[in-house]
Amino acid sequence: MEAMRPVGRTLLRDRAYEAIRDAIVAGEIEPGAVVRDADLAERLGLSRAPVREAFSRLVDEGLLESKPQSYTRVTPLVAADVRDAAAVVGAMHELVTRVAVPRLTGTDVDAMRAANTRFAAAVADGEVDLALRADDALHDVLVRASGNRAAAATVARYTPLIRRLERRRFGEGGTCRSAGLHERLIEACAAGDVDAAVRVTAEIWRTLADLADDLADNVADSETPGGPGSG
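Residues numbered from 1 in each chain as written. Predicted model: local features only at pLDDT ≥ 70, side-chain atom pairs only at ≥ 80, totals over all residues. Heavy atoms only, no water.

**Q** Tell me what's going on with empty space enclosed by the protein, and back it up with residues and numbers.
**A** Under the defined criterion, the tally for this structure stands at one cavity of 30 Å³ or more. There is about 30 Å³ of room inside the largest cavity. Considering the residues around the largest cavity, the lining is formed by Gly 62, Thr 75, Pro 76, Leu 77, Val 78, Asp 81, Val 82, Leu 161 and Arg 164. Those elements that place two or more of their residues in the lining of the largest cavity are helix H4 (79–100) and helix H7 (149–171). Here the residues of the lining of the largest cavity sort into five nonpolar, two polar and two charged. (1 Å grid on protein atoms, 1.4 Å probe; cavity = no way out; pocket = protein on both sides within 12 Å on 5 of 7 lines; lining within 4 Å. Points joined across faces, edges and corners; volume = space filled by probe spheres on them. Helix = DSSP H or I, 4+ residues; strand = E, 2+ residues; numbered from the N terminus. Nonpolar A, V, L, I, M, F, W, Y, C, P; charged D, E, K, R; others polar.)

Right, dumping it as structure tokens:
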């Protein structure tokens with residue numbers, strides 16, 4: 001039983017990481033908010049050690065920033081960071097799509113269709129959490145089928161940066177990625193058309209780069225005298 005102790009520690013660290021990451025992405029902990037390991041440990045029912053480990057990982061992933069002996073706080077939503085993350089995650093999705101499409105089974109395609117049905121319903125109902133989970137489920141079919149663990153790890157690392165922007169856009173009356181684009185992707189996958197599936201995947205992720213550009217434009221306008229954020 002002694003050998004099981006490190007596993008328990010790892011699970012606690014992962015639990016802390018996932019809970020804090022999800023709270024940041026959801027906006028429950030807002031950009032610029034200072035976070036304290038003691039406070040979050042109490043809220044999560046954990047010791048401070050796994051929370052500190054989670055903080056370190058979140059700093060590495062760009063969701064937190066830390067000044068030693070001073071503060072740890074949530075990073076602002078920066079357009080360039082989102083654009084960079086979208087470029088990397090999009091490239092990984094194109095890679096896994098190219099590998100996965102020839103390997104997909106009918107069950108895989110059915111799972112993608114079911115996820116897109118959930119996605120469209122969630123968007124229509126304004127349920128952002130459900131929409132994003134369905135979106136993840138759809139694309140995860142391709143990630144799993146590709147068997148590329150490095151790509152999967154890269155997607156997992158950088159997607160939360162993008163999700164913060166998607167959630168904000170959704171809350172402002174925008175939409176998540178188009179169910180129509182998803183449908184085109186699914187049809188290409190069902191037909192075994194690798195090139196078409198990769199093209200649609202690239203288009204899906206370009207829409208997120210466009211969202212980042214919109215964010216940059218809005219920030220620039222708000223900082224310009226007489227712009228929408230002035231006065």
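**Q** Quick one: what's the story with the packing of aromatic side chains, residue by residue and with numbers?
**A** Tallied over the entire structure, the rule returns zero aromatic pairs. Just above the ring of Tyr 17 sits the side chain of Arg 57; from NZ or CZ to the centre is 3.6 Å. (Phe/Tyr/Trp six-rings, centres within 6.5 Å; stacked < 30°, edge-to-face > 60°. Lys NZ or Arg CZ within 6 Å of the ring centre and 35° of its normal.)

**Q** With reference to specific residues and values, describe the nonpolar core.
**A** Counting residues in hydrophobic clusters, the biggest one holds 52 residues, and the most contacted among them are Ile 20, Val 51, Met 112, Leu 185 and Cys 189. A total of ten residues in this core trace back to one element, the largest contributor, which is helix H9 (residues 194–223). (Core = buried A, V, L, I, M, F, W, Y, C linked by side-chain atoms within 4.5 Å. Buried < 20%, exposed > 50% of the residue type's maximum accessible area, 1.4 Å probe, protein only.)

**Q** Go over the pairing of strand E1 (residues 64–67) with me, naming the residues and quoting the values.
**A** Looking along a regular strand, one sees side chains alternate from face to face of the sheet. Relative to strand E2 (residues 71–74), E1 is paired through four bridges, and the arrangement is antiparallel. Opposite Lys 67, over in E2, you have Tyr 71 as the bridge partner. (Pairing = 2+ DSSP bridges.)

**Q** Just give me the short version of the layout of surface pockets, but keep the residues and values in it.
**A** If a probe as big as a water molecule is rolled over the atoms, it shows which places are left empty. Of the pockets and cavities examined, the largest pocket occupies roughly 780 Å³. Forming the walls of the largest pocket are 30 residues, and the residues nearest its centre are Arg 21, Asp 22, Asp 136, Thr 159 and Pro 160. Secondary structure elements with two or more residues in the lining of the largest pocket: helix H1 (5–25), helix H6 (128–146) and H7. Top element by residues in the lining of the largest pocket is H6. It accounts for nine residues.

**Q** Kindly report on H4, identifying the contributing residues and their values.
**A** Over its 22 residues, H4 extends 31 Å from the first C-alpha to the last, a length consistent with the 32 Å expected when each residue adds 1.5 Å. Taken residue by residue, H4 has Ala 79, Val 82, Ala 85, Ala 86, Val 89, Gly 90, His 93, Val 96, Thr 97 and Ala 100 as its buried positions. Looking straight down H4, one finds its buried side chains confined to an arc of 135°; they lie on one side. (Expected span 1.5 Å × (residues − 1). Arc of directions from axis to C-beta.)

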